[in-house]
Structure formats: structure tokens, C-alpha cells
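Here is what each chain is made of, one letter per residue.
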Amino acid sequence: MDNRALTRAFKLAAQLMELHDENPFKIRAIEGTANALDALSFPVSEVERSGLPDRTGLSKTAAAKVAELLDTGTFSELQRLLEVTPPGVVEMLGIKGIGPKKIRSLWRELGLETIEQLREAAETDQVSKLKGFGKKTQDSILEALEFAGQSKGKLLYPQAEKLGADLAQLLRDGLKTEQVAVAGEIRRRLETVETVCLVATTDNPAKAHELLNTTAGLTPDPRRSGPFAWRGTATESGTQVEVLLVKPEDFTTEVFLNSAAEAHLSESLPTSGSLRQLARREKFQQEEALYEKAGLQFIAPELREGLGEIALAADKKLPRLLEDGDLRGSLHNHSTWSDGNHSIREMATWLRDHNYEYLGLCDHSQAAHYANGLSVERVRQQHQEIDQLNAELAPFRIFKGIESDILGDGSLDYPNDVLASFDFIVASVHSNLKMDEAKATGRLLRAIENPYTTMLGHPTGRLLLRRQGYPINYKAVIDACAQHNVIIEINANPWRLDLDWRWVRYALDQGVQLSINPDAHHTNGYEDMRYGVLMGRKGHLTKEMTFNAKSVEEVAAYFEARKAAIKPPLEYKKSLFE
């Protein structure tokens, strides 16, 4: 059980305690344990149980709960709460926008114990009549349930990737073959996955069926299966699983045919026929040979969407795509100054020790009270700490940034003299997310026009499988960024992956630079940059158009030149620091 799973268990326990109206001091203690676990940078599961209090800083009581959770998969308080709570009510706790207290009212006062009952009550206008709810809350519940229904059975890319890798290893070990590949949506690097698809070679398909049928966590579906295809679901998530069983000589063909969108496979080639027809007609040992035979540059699996990549490959115009190793620094990161889990020093030294050149610190601005946003005085204090760290850590550099809230009218949080004190500013929307396209677009456009905006953060505010983003006119927003020389981030947090990869190519065509930003609140968050790179690659992103692929000197020069171009120049240092 990793740290994230431990944290989730304690957060669920805290929610259940609030649901049952238990002692608020005990609830805070459980929440404190969850927060402490989330802040740790080492795997708790690898610590000797007797050493947990010393290594984690937890009390002996809290550490005992963690040890119990590690050893048994639960702990007594959590188990007790789960036993007295209907499973459907536990499921309701996952509905975005309504907390445990409201769930308690729905359960106790309306007798609702399943998601289906809640939906029916909302549709028949029963929920709005409850004290503390109203029509607006009822509509929000229906909207959240609709989105949850559309998301059911889907996994975020990292979750699907892990499931695919685990199944691939199971098949390699069980079938004694190395010819096993994860294909489908995972290989195409889609941000959410409905079907986990694998291709494996075997001379004994029945053995593969027996292996998969008896694997814990998988539910077979014999009606959809056949001699050479096992189909079922991942029991916990409900995600579809498909394993295709092929002869060794057909392995490359089947991996290829199951690693591309229909539009890619069926598009007419410049010569004749389609890639599907070519793959069925001839045997290939490598996919590169198939594309060469078709007269095309090799097309990476993440590009195989039928969105013009074949024409580019025919003209030998596919770019060299961005790679993980191209990134030189990490911008848009949080520290303990706002809602992060690690200090500036810890965030910076992790990057330095992993061969990055710079950190862009972007704690929350003062309007974000919920995230301990920085007052003007705390901005001054933080800048002093950064100056001291820069003197100590050079040549590694920490850039003074802020994630400035885009306020309701599109203005940036802080007056101009404070904005001018930062090296760069990421402008993001965090509040009043219920907007139509016109309002959301107008709000972003005004922020983009602000000369202090360096970068636009998570443009739609979406949380994949949790919350739909506010609708925006992508072309208008991207065009404005091109006009005002504003960078757009690809927020690499797997829940966001925002800017959507489908608009990356349009941004590149307009000359807009993109930045792979982890939005890291923890040193573990730096690992998410990989997912941002994958989304960028799907949109044809190159090293040259990736802002944080620049060297520390190039980034510093860019920030300085941009600030110098703001008219009229502000004597901000006097007003802020003297």
C-alpha cells in the first residue's frame, strides 16, 4: 500500500466520522494523520512498524493505526464506520460539490441509500425542499451525477497504465512469453481509458483463459469472449479489459491494429489502400517496417488519431516530439507557504538533485484564502527567503512566481506594484467556476491582456472524471495568447491535463509556447511532468516550442525582457520592499 492509498483511507475515515457527526476533535486528528502521510517523501510501507512514530512524526496512536492499515488493509475505526454505513452512502461521498453533512441529511431525512435513489429524488424535486439545499444545489447534484455516470468505468491514464503493466507481467509469467504488449487507448496515451487492451502470443489460448479467469480483481465476461480473445472487467473500477491471444507471426500486426484510431487505420494512403489493408496483406516484424512500406515516416502511437498525421508523414514533415529529458526546469509549483507539503528548499533541492536547472515557485495569491494564499507582507518575506536560497544553491535558480487568481472580472489578484515584484505570473481561475462560454472566455481574455500575465494556468479548470471544466472559446483564448505573447501551460497533474491535447497543435500553429507544469504540491508531484509530456506529444509538441525546455539563462532573459517591456515601468521595489 503506497502513501497515496494510506492518505485516501484516512481521508475516507474522516469523511465517515463527519457523516456520523462524531467528535470534531477526533475528526481533525484523523485529517491530521492523512495530511502528515501526504507530506512524506519516503514510502511508509518500507518503514519498520516500531519505527513509525520516529520516522513519520506521527503520535504513537496514529502510527498504530497506520501500522494496522498496512498489515490488514484497514484499521478498526475505518472498518467500524464502513460496517454501519450503507455502501451507496459511502459512494455518495465521492460526489463532487456536496460534503458529508449534506450527505447525512440526504440519508437521514430522505432515506436515500444509493446513487440511483439520490438521482430519482433530485429529478422529482425532493432534494431542493430539504433545509440547506435549494434548487441550485439540487441542479448541481444532478449535473455531478450526470458527469459521474459518463465517467463510470473509466480510469485516468496513470491508473490504466499501471493496470495494463500489471496484467502484462501476469501474462508474461503465466504464459512464459515475452511477446506481450499493452495496446489500445493506453498505448495511444489517451487521458482517460475505457478499455485496457493487451496482445499476447500463446500456443495454448485455453491456458490464458484459465489464468485470467482465476486472477483476483478480474471479472470474466464469457458472452463477449472467444477462443482467441478474453474479455471482462477490472472488478474494482468496472473498466473493460480485453486480451487478444495471437500466434507469434501475427503479434506485430495485432499490436499495430489495436494501437490506432479507426480514422488512422482507414485513411487512404498517398500510394493506394489504407494502413489496415497493408497490415492485413503482409507480415511485418516491426511497425517501422510497415510505415516504411507505406511510404510514410514512422508515426508514434500517440499520434495515430487520424488528425492529419498521415499527410505530414507522407511529406516527411512530422516533427521530433518533445521527450522527458528535454525539460530543464519545473514551473508552477507550490510550497508550505501556501498549500504545498514541502518547503521551498525541499522542492528546489529535489529538482537540483535530479539534474534540473530551475524551480518556478508559484504559491497561491491572497484571494485563495482556502489555500493559505500569500498576503502582500508574506510575499515580501517569501522573496527574502528565495534570495537567500538562490545565493546558497547557485547555479540552480528559484524564480519568484505566483499563481495569481483571475478574479471574477478578469483582473489579477494584487495591485500592479506587487505583480511587478515577481519574475513571472501564472494566471488561473479557481473560483466562481459556474460560467457559460461567453463569460468564461471574456474572463480569460481580460487576464491574458494584462501585461503582467506571463502564463495561463489550467485554462478550463477541469478535473478529469470528477468535474467538467468551464466552457471556453479555445480559438479566441489561444489567439489572444499569441497576440499578447502569453505562454499556455499543459497542467501535467493527471486529474487536469489541461490544456487539452486536442488544442496543442492549434496553439503551436499560432506560435504560442507551451509549458509542461506539474502544479506540484509535493516532491512526488514532479513525477507528473511525464504525463504532461505525453499529452504534449499527442499534440505534436516539440522541444523548441516548450518553454521549460529552455536553459535557466534563457528563461531568466525571457522573464527580464518581458517585464522590461511593460509600460510605464514601475518603481515597484520601493513600494513593496522599502
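Residues numbered from 1 in each chain as written. Predicted model: local features only at pLDDT ≥ 70, side-chain atom pairs only at ≥ 80, totals over all residues. Heavy atoms only, no water.

This paragraph deals with the layout of surface pockets. Empty space left among the atoms is revealed by rolling a probe the size of a water molecule over them. Within this model, the second largest pocket holds a volume of roughly 360 Å³. Phe147, Arg462, Leu464, Gln468 and Gly469 are, among the 19 residues lining the second largest pocket, the residues nearest its centre. It is helix H9 (residues 134-151) that provides the largest number of residues to the lining of the second largest pocket, a total of 3 residues. A breakdown of the residues in the lining of the second largest pocket according to their chemical character gives 8 nonpolar, 6 polar and 5 charged. (1 Å grid on protein atoms, 1.4 Å probe; cavity = no way out; pocket = protein on both sides within 12 Å on 5 of 7 lines; lining within 4 Å. Points joined across faces, edges and corners; volume = space filled by probe spheres on them. Helix = DSSP H or I, 4+ residues; strand = E, 2+ residues; numbered from the N terminus. Nonpolar A, V, L, I, M, F, W, Y, C, P; charged D, E, K, R; others polar.)

Here we come to helix H21 (residues 437-449). In this model H21 runs 18 Å from its N-terminal to its C-terminal C-alpha over 13 residues, within 8% of the 18 Å that 1.5 Å per residue would give. In the core, the buried residues of H21 are packed alongside strand S12 (455-456) and helix H22 (474-483). (Expected span 1.5 Å × (residues − 1). Contact = heavy atoms within 4.5 Å.)

This paragraph deals with the packing of helix H1 (residues 3-19) against helix H2 (residues 24-39). Where H1 meets H2, the closest approach of the two axes is 8 Å, and the angle between their N-to-C directions is 165°. It follows that H1 is roughly antiparallel to H2 by the angle criterion. For H1 against H2, the interelement crossing comes out left-handed. Of the residues in H2, those touching H1 at Asn3, Leu6, Thr7, Phe10, Lys11, Ala13, Ala14, Met17 and Glu18 are Lys26, Ile27, Ile30, Glu31, Thr33, Ala34, Leu37 and Asp38. Across the contact of H1 with H2, the residue classes tally to 9 nonpolar, 3 polar and 5 charged. (Axes fitted to C-alpha atoms, helices over the stretch in contact; angles between N-to-C directions. Parallel < 35°, antiparallel > 145°, perpendicular 65-115°, else oblique. Left-handed = near helix turned anticlockwise from the far one by under 90°.)

Bringing unusual backbone geometry into the picture now. Residues Ala394 and Pro395 are joined by a peptide bond in cis, for which omega reads 15°. When you line up the elements, Pro395 lands in the loop between helix H19 (376-393) and strand S10 (397-405). Positive phi values are uncommon outside glycine, yet Asn485 reaches one of about 55°. By the element assignment, Asn485 lies in the loop between H22 and strand S13 (487-491).

Strand order in the open sheet formed by 7 strands is S8-S9-S10-S11-S12-S13-S14, with parallel pairing between adjacent strands. With one partner strand each, in any of the chains shown, strand S8 (329-333) and strand S14 (514-517) form the two edges of the open sheet. Strand direction decides the pairing type here: S12 and S13, joined by 2 bridges, are parallel. Residue Leu456 lies in a different strand from S13, and its bridge partner there is Ile488. Along the sheet, H19 contacts strand S9 (358-364) and S10; its crossing angle with S10, the most-contacted strand, is approximately 155°. (Pairing = 2+ DSSP bridges.)

Moving on: the packing of helix H10 (residues 157-175) against helix H24 (residues 529-538). Packing of H10 against H24 brings their axes to within 11 Å, and their N-to-C directions diverge by 95°. Comparing the axis directions of H10 and H24 gives the class roughly perpendicular. Mapping the contact onto sequence places Tyr157, Pro158 and Glu161 in H10 and Arg530, Tyr531 and Leu534 in H24. Of the residues belonging to the contact of H10 with H24, the class tally is 4 nonpolar, no polar and 2 charged.

The next subject is the pattern of salt bridges. Taken as a whole, this structure holds 32 salt bridges when the rule is applied. Here Glu262 makes a salt bridge to Arg276, at a shortest N to O gap of 2.7 Å. Pair noted here: Glu262 is in helix H14 (residues 262-266) and Arg276 is in helix H15 (residues 275-281), with a separation of 14 residues, a long-range link. One salt-bridge network, in which partners are shared between bridges, spans Glu191, Arg462, Asp500 and Arg502. (Salt bridge = Lys/Arg side-chain N within 4 Å of Asp/Glu carboxyl O.)

The next subject is the pairing of S14. Within a regular strand, the side chains alternate between the two sheet faces. Judged by which residues are buried, S14 turns out to be covered on both faces: Leu514 and Ile516 on one side and Ser515 and Asn517 on the other are all buried. Bridge analysis of S13 against S14 gives 4 bridges, and the strand direction is parallel. Looking at S14, one finds that Ile488 is bridged to Leu514. Regarding the hand of the β-α-β motif, the stretch spanning S13, helix H23 (residues 504-509) and S14 is right-handed. (Buried < 20%, exposed > 50% of the residue type's maximum accessible area, 1.4 Å probe, protein only. Right-handed = clockwise from strand over helix to strand, strands pointing away.)

Counting across every chain of the model gives 1 cavity of 30 Å³ or more. Approximately 70 Å³ is the volume found for the largest cavity. The wall of the largest cavity is formed by Leu419, Phe422, Asp423, Phe424, Ile425, Pro451, Tyr452, Thr454, Phe559, Arg562, Lys563 and Ile566. Sorting the residues of the lining of the largest cavity by element identifies strand S11 (424-428) and helix H25 (552-564) as the ones contributing at least two each. Sorting elements by how many residues they give to the lining of the largest cavity places H25 first, with 3 residues. Its residues assigned to classes, the lining of the largest cavity comprises 8 nonpolar, 1 polar and 3 charged.

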